[in-house]
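Chain residues, written in single-letter form:
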Amino acid sequence: MGLLTIGAFARASRLSPKALRLYDELGLLTPARGDPVTGYRLYAPDQLDQARLVVWLRRLGMPLARIQHVCTLDPGSAAQEIRAFWAQVEADITARRHLATFLIDHLSRKDPAMSPTVKPLGIRYAALSDTGLVRESNQDTAYAGSRLLAVADGYGSQGAPASAAAVDALKHLETDSIPGANLLNVLEDAIEQAEQAVRGVTAISSSPGEAGTTLTAMLWTGSQLALVHIGDSRVYLLRNGELFQITHDHTMVQSMVDEGRLSPEEAASHPQRSLLIRALGQGTQGTPDMRLHDAQRGDRYLLCSDGLSTVVPIEVIHRVLSEISENERAARELIALANGSGGRDNVSCVIADVVELQQ
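Residues numbered from 1 in each chain as written. Predicted model: local features only at pLDDT ≥ 70, side-chain atom pairs only at ≥ 80, totals over all residues. Heavy atoms only, no water.

### Brief notes about the overall build of the protein
For clarity, the threshold we go by: For the purposes of this entry, the term helix denotes a DSSP run of H or I that reaches at least four residues, the term strand denotes a run of E that reaches at least two, and both are numbered from the N terminus. Accessible area is worked out with a 1.4 Å probe on protein chains only. A residue is then buried under 20% of its type maximum, exposed over 50%, and partly exposed in between. Contacts are assigned to residue pairs with any non-hydrogen atoms lying within 4.5 Å of each other. Residue-level accessible areas treat just the shown protein chains as cover; the underlying method is Shrake-Rupley with a 1.4 Å probe.
The helix and strand tally for the protein stands at twelve helices and 15 strands. Out of the 359 residues belonging to the protein, those deemed buried represent 46%. When contacts within the protein are restricted to residue pairs at least 6 apart in sequence, those whose partners lie at least 24 apart make up 65%. Summing over all exposed atoms, the protein offers an accessible surface of approximately 18,200 Å²; the carbon and sulfur share of this is 51%.

### Concerning the pattern of salt bridges
The line we're drawing: Think of a salt bridge as a Lys or Arg side-chain nitrogen and an Asp or Glu carboxyl oxygen that are within 4 Å of each other.
A complete count under the given rule lists 13 salt bridges for this structure. Put simply, Asp345 and Arg135 hold a salt bridge, and the shortest N to O gap is 3.3 Å. Here Asp345, found in the loop between helix H12 (327-340) and strand E15 (347-356), pairs with Arg135, found in the loop between strand E4 (121-130) and strand E5 (140-144); they are 210 residues apart in sequence, far enough to count as distant. Judged by relative accessible area, Asp345 falls into the buried class, the value being 17%. Given the relative accessible area of 39%, Arg135 is considered partly exposed. Between Asp353 and Arg300 there is a salt bridge; the shortest N-O distance is 2.6 Å.

### Considering the packing of aromatic side chains
Stated precisely, the cut-off is as follows: Each Phe, Tyr or Trp ring (for Trp, its six-membered ring) is paired with any other whose centre lies within 6.5 Å, and the angle between the two planes then decides the class: stacked below 30 degrees, edge-to-face above 60, tilted in between.
Scanning the model with the defined rule gives one aromatic pair in all. Between Phe9 and Tyr43 the ring centres are 4.3 Å apart and the planes differ by 10 degrees, which places this aromatic pair in the stacked class. Of this pair, Phe9 sits in helix H1 (residues 6-13) while Tyr43 is found in strand E3 (residues 41-43), placing the two residues 34 residues apart along the sequence. Assigned by exposure class, Phe9 and Tyr43 land together as buried.

### Notes on the side chain of Asn327
With respect to the helices and strands, Asn327 occurs in helix H12. On the basis of relative accessibility, which here comes to 4%, the residue Asn327 falls in the buried class. In this view, Asn327 contacts Arg124, Tyr125, Ala126, Arg300, Ile351, Ala352 and Asp353; residues no more than four positions away in its chain are not counted.

### Details of the sheet that holds strand E11 (residues 242-245)
The following threshold applies: In this analysis, strands are considered paired if DSSP registers two or more bridges between them. For helices, the axis comes from a line fit to the C-alpha atoms of the stretch in contact; other axes are also lines fit to C-alpha atoms, and the angle between any two N-to-C directions lies between 0 and 180 degrees.
With antiparallel pairing, five strands are arranged side by side in an open sheet as E4-E15-E14-E10-E11. The open sheet is flanked by E4 and E11, the only strands paired with a single partner. Ignoring which end each strand starts from, the neighbouring axes of this sheet average 20 degrees apart. Taken together, the five bridges between strand E10 (residues 234-239) and strand E14 (residues 300-304) define a ladder with antiparallel strand orientation.

### A look at a nonpolar patch on the surface
The condition that has to hold: For patch detection, residues must exceed 30% relative accessible area and be free of salt bridges, and they are connected within 9 Å for like charges or within 5 Å for nonpolar side chains (Val, Leu, Ile, Met, Phe, Trp, Tyr).
On the surface, Met252, Leu275 and Ile277 cluster together into a nonpolar patch covering about 230 Å² of accessible area. Overall, the relative accessible area of 37% leaves Ile277 in the partly exposed class.

### Things to note about helix H11 (residues 314-323)
Note the cut-off: Here the arc refers to the directions that run from the helix axis out to each C-beta atom.
Those residues of H11 not exposed but buried are Ile317, Val320 and Leu321. Seen from one end, H11 has its buried residues packed into an arc of 95 degrees, which puts them on one side. Pointing more than 90 degrees away from the buried face of H11 are the exposed residues Glu315 and Glu323. Contacts made by the buried residues of H11 are with E10, E11, E14, helix H10 (306-309), H12 and E15.

### Looking at the environment of Leu48
Counting through the fold element by element, Leu48 comes out in helix H3 (residues 48-60). By relative accessible area, Leu48 is classed as buried at 12%. Spatially, the C-alpha atoms of Leu48 and Arg14 are 9.7 Å apart, while their sequence positions differ by 34 residues. Once residues within four sequence positions are removed from consideration, Leu48 is found in contact with Phe9, Ala12 and Ser13.

### Brief notes about the state of the cysteines
To be explicit about the condition: A pair of sulfur atoms, both from cysteines and within 2.5 Å, is called a disulfide here.
Summed over all chains, the structure comprises zero disulfides. Unpaired in terms of disulfides, Cys349 finds its nearest cysteine sulfur in Cys304, a separation of 6.0 Å. Residue classification places Cys349 among the buried residues on the basis of a relative accessible area of 0%.

### Side note on unusual backbone geometry
The phi torsion at Arg14 lies on the positive side, around 65 degrees, for a residue other than glycine. With respect to the helices and strands, the residue Arg14 is situated in the loop between H1 and helix H2 (17-25). Non-glycine residue Asn240 carries a positive phi angle of around 55 degrees. Within the fold, Asn240 resides in the loop between E10 and E11.

### Considering the nonpolar core
Here is the rule we go by: By convention a nonpolar core is built from buried Ala, Val, Leu, Ile, Met, Phe, Trp, Tyr and Cys residues, the set being connected through side-chain atoms within 4.5 Å.
By size, the foremost hydrophobic cluster in this structure holds 26 residues, and its most contacted members are Leu170, Leu173, Leu187, Leu215 and Leu280. Put simply, the parts of the chain that give this core at least two residues each are strand E6 (148-155), helix H6 (159-168), helix H7 (183-202), strand E8 (215-220), strand E9 (224-230) and strand E13 (289-294). The element contributing the most residues to this core is H7, with eight residues. Of all hydrophobic cores here, the second largest spans 23 residues; its members include Leu29, Leu48, Ala78 and Phe85.

The analysis is restricted to geometry; functional conclusions fall outside its scope.
Following this line, the structure appears as structure tokens:
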């Protein structure tokens, strides 16, 4: 088969002549030859596979610049790149879904006041932080109050003041009156304040781009807990005897698991498992996850730094939270278990129980 005119190639590839001219200008799909007399673009039949790949990648929503890169790869590498792109799309969709759920919850609540027939709920809490057995100083900050629960895990030369600054920036939420409909805006403003505070203290670091903090916090609203999360500290929920992780780690290794490039078992021992892709600090991407959780009497929440979650098996955490009812004693036991596993990192725990308030 000889060269195809742009019209014939457009019909065969299901790309319009206009799109083909654009892709030629971008260097994405260059014609095999240009007719020197008419200026018509002529395409080789073996370019059809690449053209059809472009069609499908555009239907996925992949940007043209990334499609151009994919088209230069061998099939195996191209498949890996598409897998990575789609994992990011799904992560973005998940974040948008959580935001949509958050908004729907607030906008659909006709009467934010608690029903008089429902017993009012509150939280009983404890917060503990420990340096561990190896580190010279504690760069974690743990806080628990009647409305705010928070864990921040600092890193770099200004890690300790960074984590403290992030949590301090949220403490006004303990006393501020927050209308239910304004909760999302209040949280967004608080995170912006926390990020500015962290940038302020890390700016004096000799390597400011290598200093920052994670931040995982929950704000009690009376019947719900609003979650703000960035980094690899975690929140677990113990409900009806089952333990759930309700945060997603913002680490390079977790993104590789999401993309199918690593198994969870391989991730657990990966040498770069603590490399963050989202955090608060200089030179970092600071977009947090936010969502809302309806609380139930008997719920138990654990906020912890990775000094616990990376060394104490999840089934052991589950057992401690299930068997030790007193908050501070449970937190002490978890910290002791982390130190018993070597104590290579600072470890922080905040434990909060949802209870009926005495009237």
